[in-house]
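Close look at the chain arrangement
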Amino acid sequence: CDQRVCSRGETNGTIITPNYPDRYPPNITCKFYLDGLVDKQNLEKTELRFMSFDLPSDEKAGPFTGTGFKAQYQFVTDYAIPGTPATNRDKCHFDYQSYSLKSGSFNSPRNPSHYPPNTECIYEFHGLPNEQIVFIFESFELQANDPDCTHDYVELYMIKKNKLGHEHEILVGHYCGENVPGPMVTDEDSNHAKVVFHSDASHVRSGFRARYEFIHRQTFGELYKCPNAVLKIYTDTSGRPEYEICGGEEGNKIMSDIIISQENYMKIKFISSTSATGGRGFRLSWTEITSATTSSTCDGFFCQINKYCIAESLRCNNIPNCGYGDTSDEPPKCDPSYTNHGILHIILGVVLSLIVLVFIIVCILHRRRKARKKKKKKEIEVRYVTRGGTMNRRDGGPATDKLLKERTEKVSIV
């Protein structure tokens with residue numbers, strides 16, 4: 001009476017004991033084998049529901065037997081996804097509640113084996129009112145050669161409430177191929193998020209594996225392989241980043257791009273995960289530009305190649321304010337004296353020179369004044385030497401006295 005039932009792809013049916021609904025015969029052993037599909041493209045499990053069950057266990061029943069049982073089986077796809085299946089919803093739909101588990105993992109169906117074709121899975125995350133949600137992708141491999149991301153892809157949504165309390169979804173990421181999404185953190189006003197996985201009927205891969213964590217609300221300073229750290233640049237207020245950058249190679253590529261906001265708003269968010277090893281980070285410059293299209297309509301400096309209008313004060317400041325490939329604001333003959341630092345240095349130099357010059361002039365004047373005072377003192381100390389009339393005269397007495405006096409005055413003055 002052994003039975004083996006093999007699935008033909010999510011098939012169903014019933015199994016019964018011998019003679020059901022009459023009493024089953026004594027002294028028999030029956031085995032029922034229910035085999036779901038197991039291969040690279042399929043993985044099934046069996047759901048069993050008893051419709052009737054009558055197996056007497058009382059020894060007093062003696063040789064009498066019961067009617068046995070009747071059970072209904074259903075082969076269903078086993079997605080091998082950790083999480084709580086959502087009730088009354090799509091088959092591949094899982095919920096993750098903060099009050100149940102603060103952190104965990106989720107993955108594409110049957111990861112690391114290949115996911116099935118024509119599948120869509122939804123993962124919903126519900127945090128407490130004072131929480132945010134962090135997502136970190138550990139592996140990511142979807143169908144390659146899909147530049148438009150329309151075949152197999154993963155989408156990330158933040159779910160927010162408007163002023164009326166109605167929820168609305170904000171797409172924050174659309175990923176495909178082998179480009180690992182960077183770490184993602186929901187905004188401070190969002191404690192509800194959704195991840196969607198989609199595969200079409202063509203090629204399949206191993207899919208993805210990711211971690212999630214519900215964290216207390218905090219302020220963060222948040223299409224490449226960025227599992228540990230990422231720089232996200234938002235060029236408008238839609239909530240979806242235009243750029244997600246990490247790694248030296250991809251960072252060098254983005255350095256040749258000119259990123260311009262679509263509005264008068266730009267947000268830059270840097271996020272690192274707990275497994276980040278710590279690189280040198282990044283350094284960028286930003287410049288406010290106006291909508292002038294010609295030099296005649298530009299009130300400041302007009303960039304010759306990229307045709308941007310920037311402030312005149314940004315010329316010769318050692319920063320490429322005109323953007324990549326345009327050095328018109330920093331020409332080779334740019335006089336350093338035009339820079340803010342150059343002007344400051346010149347002013348300091350002039351002030352110091354004036355101070356030294358004034359000091360030298362004061363010293364010279366002081367020395368001259370001191371010399372004059374000393375000379376006056378010598379002239380006051382002149383003594384007149386005269387001689388009386390008792391002198392012996394050879395050529396006449398009085399004439400000799402006069403000559404001696406004049407000679408004495410000349411010697412004293414010198």
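In short, a report on the structure. (Residues numbered from 1 in each chain as written. Predicted model: local features only at pLDDT ≥ 70, side-chain atom pairs only at ≥ 80, totals over all residues. Heavy atoms only, no water.)

1. A look at a nonpolar patch on the surface
Cut-off, in case you're wondering: Patch membership requires over 30% relative accessible area and the absence of a salt bridge. Like charges are linked within 9 Å, and nonpolar side chains (Val, Leu, Ile, Met, Phe, Trp, Tyr) within 5 Å. Using the Shrake-Rupley algorithm and a 1.4 Å probe, accessible areas are obtained, with residue cover drawn only from the displayed protein chains. Any carboxyl oxygen of Asp or Glu within 4 Å of a side-chain nitrogen of Lys or Arg constitutes a salt bridge here. Helical segments are the DSSP runs of H or I of at least four residues, strand segments are the runs of E of at least two, and each set is numbered from the N terminus.
A cluster of nonpolar side chains, namely M266, I268, F270, F282, L284 and W286, defines an oily patch on the protein surface of about 640 Å² accessible area. Mapped onto the elements of the fold, W286 is located in the loop between β18 (267–272) and β19 (301–302).

2. Topic: the sheet that holds strand β7 (residues 93–97)
Which entries qualify depends on this criterion: Here the rule is simple: two strands pair whenever DSSP picks up at least two bridges between them.
Taken in spatial order, the six strands line up as β6-β7-β9-β14-β11-β12 in an open sheet, and their pairing is mixed. The open sheet has two free edges, formed respectively by β6 (84–85) and β12 (167–175), since each of these has just one partner strand.

3. Some words on the state of the cysteines
The condition that has to hold: Sulfur atoms of two cysteines make up a disulfide when they are within 2.5 Å. The buried label applies to any residue whose accessible area, calculated with a 1.4 Å probe on protein chains only, is under 20% of its type's maximum; exposed applies above 50%, and partly exposed to all values in between.
Per the stated rule, a full pass over the model turns up five disulfides. Two residues share a disulfide in this structure: C298 and C309, whose sulfurs sit 2.0 Å from each other. Across the S-S bond of C298 and C309 the torsion is about 85°, and the bridge reads as right-handed. A residue pair is termed long-range when its members are at least 10 positions apart, and C298 in the loop between β18 and β19 and C309 in strand β20 (residues 309–310) qualify at 11 residues. For C309, a relative accessible area of 4% corresponds to the buried category. Note on cysteine connectivity: C303 is disulfide-linked to C322, with sulfurs 2.0 Å apart. Judged by the sign of its S-S torsion, about -80°, the bond between C303 and C322 is left-handed. One end of the pair, C303, is in the loop between β19 and β20; the other, C322, is in the loop between β20 and α2 (340–380), with 19 residues separating them in the sequence. Taken as a pair, C303 and C322 share a single burial class, namely buried.

4. Here we look at the nonpolar core
Test applied: Only buried Ala, Val, Leu, Ile, Met, Phe, Trp, Tyr and Cys residues count toward a nonpolar core, and they belong to the same one when joined by side-chain atoms within 4.5 Å. Here a residue-residue contact requires only that any non-hydrogen atoms of the pair lie within 4.5 Å.
Counting 31 residues, the largest nonpolar core has F106, Y123, F125, F135, V154 and F208 as the members making the most contacts within it. When contributions to this core are tallied by element, the ones reaching two or more residues are β7, β9 (119–126), β10 (131–141), β11 (153–161), β12, β14 (192–199) and β15 (207–216). In this view, Y123 contacts I81, F94, Y96, F106, N107, S108, P109, A193, K194, V195, F197 and F208; residues no more than four positions away in its chain are not counted.

5. Focus on the sheet that holds strand β16 (residues 229–234)
Quick reminder of the rule: The convention used is that axes are lines fitted to C-alpha atoms, helices contributing only their stretch in contact, and that angles between N-to-C directions extend from 0 to 180 degrees.
Spatial strand order, β17-β16-β18: three strands in an open sheet with antiparallel pairing. Each of the sheet's edge strands pairs with one partner strand only, and the pair in question is β17 (243–245) and β18. Each adjacent strand pair in this sheet contributes to an overall mean axis angle of 15°, direction not counted. Pairing analysis gives three bridges linking β16 to β17, with the strands arranged antiparallel. Bridge assignment links K232 to a residue of β17, and that residue is E244.

6. Looking at the packing of aromatic side chains
Inclusion rule: Classification of ring pairs rests on two measures: the distance between centres of Phe, Tyr or Trp rings, Trp counted by its six-membered ring, which must be within 6.5 Å, and the angle between planes, read as stacked under 30 degrees, edge-to-face over 60 and tilted in between. Geometrically, a lysine NZ or arginine CZ counts as sitting over a ring once it is within 6 Å of the ring centre and also within 35 degrees of the ring normal.
Evaluation of the coordinates by the stated rule reveals 22 aromatic pairs. Here F53 and F69 contribute two aromatic rings whose centre-to-centre distance is 6.4 Å and whose plane-to-plane angle is 20°, an arrangement assigned as stacked. In this pair, F53 is assigned in strand β4 (residues 44–54) and F69 in strand β5 (residues 68–77), connecting sequence segments 16 residues apart. In this structure F53 comes out as exposed when scored by relative accessible area, which is 53%. Ring geometry for Y96 against F125: centres 4.7 Å apart, planes inclined by 15°, an arrangement best described as stacked. Here the residue Y96 occupies a position in strand β7, and F125 occupies one in strand β9, the gap between them amounting to 29 residues. The lysine or arginine in question, R4, covers the ring of Y33, its NZ or CZ lying 4.5 Å from the ring centre.

7. Quick notes on unusual backbone geometry
For the peptide bond that leads from Y20 to P21, omega is 10°, which places it in the cis range. Mapped onto the fold, P21 is located in the loop between β2 (12–16) and β3 (32–35). Cis rather than trans, the peptide bond between N111 and P112 has omega equal to 10°. Within the secondary structure, P112 sits in the loop between β8 (103–107) and β9. A positive phi angle is found at C316, which is not glycine, with a value near 55°. Residue class for C316 comes out buried when judged on its relative accessible area of 2%. The phi torsion at N318 lies on the positive side, around 65°, for a residue other than glycine. Within the secondary structure layout, N318 lies in the loop between β20 and α2.

8. Points about the side chain of E330
Convention followed: For the charge count, each Lys or Arg is scored as positive and each Asp or Glu as negative, with His and the chain ends excluded. N or O atoms within 3.5 Å of each other form a polar contact, as long as, within protein, one can give a hydrogen and the other can take it, and as long as residues adjacent in sequence are counted only when both atoms are side-chain atoms.
Along the polypeptide, E330 turns up in the loop between β20 and α2. Buried charge without a partner: E330 forms no salt bridge, and the closest opposite charge is R315, 7.9 Å away. Reaching out from E330, the side chain makes a polar contact with the backbone nitrogen of C316 at a distance of 3.2 Å.

9. Thoughts on the pattern of salt bridges
Between side chains of opposite charge, pairing is possible as soon as their charged atoms come close. A complete count under the given rule lists nine salt bridges for this structure. In this structure, D35 engages R4 in a salt bridge whose closest nitrogen and oxygen atoms are separated by 2.5 Å. Highlighted residues: D35 in strand β3 and R4 in strand β1 (residues 3–6), separated in sequence by 31 residues. On the basis of relative accessible area, D35 is assigned to the partly exposed category, the value being 27%. On the basis of relative accessibility, which here comes to 52%, the residue R4 falls in the exposed class. Between E169 and K194 there is a salt bridge whose closest N-O contact spans 2.7 Å. Within this pair, whereas E169 is found in strand β12, its partner K194 is found in strand β14, the two being separated by 25 residues in sequence. Given the relative accessible area of 46%, E169 is considered partly exposed.

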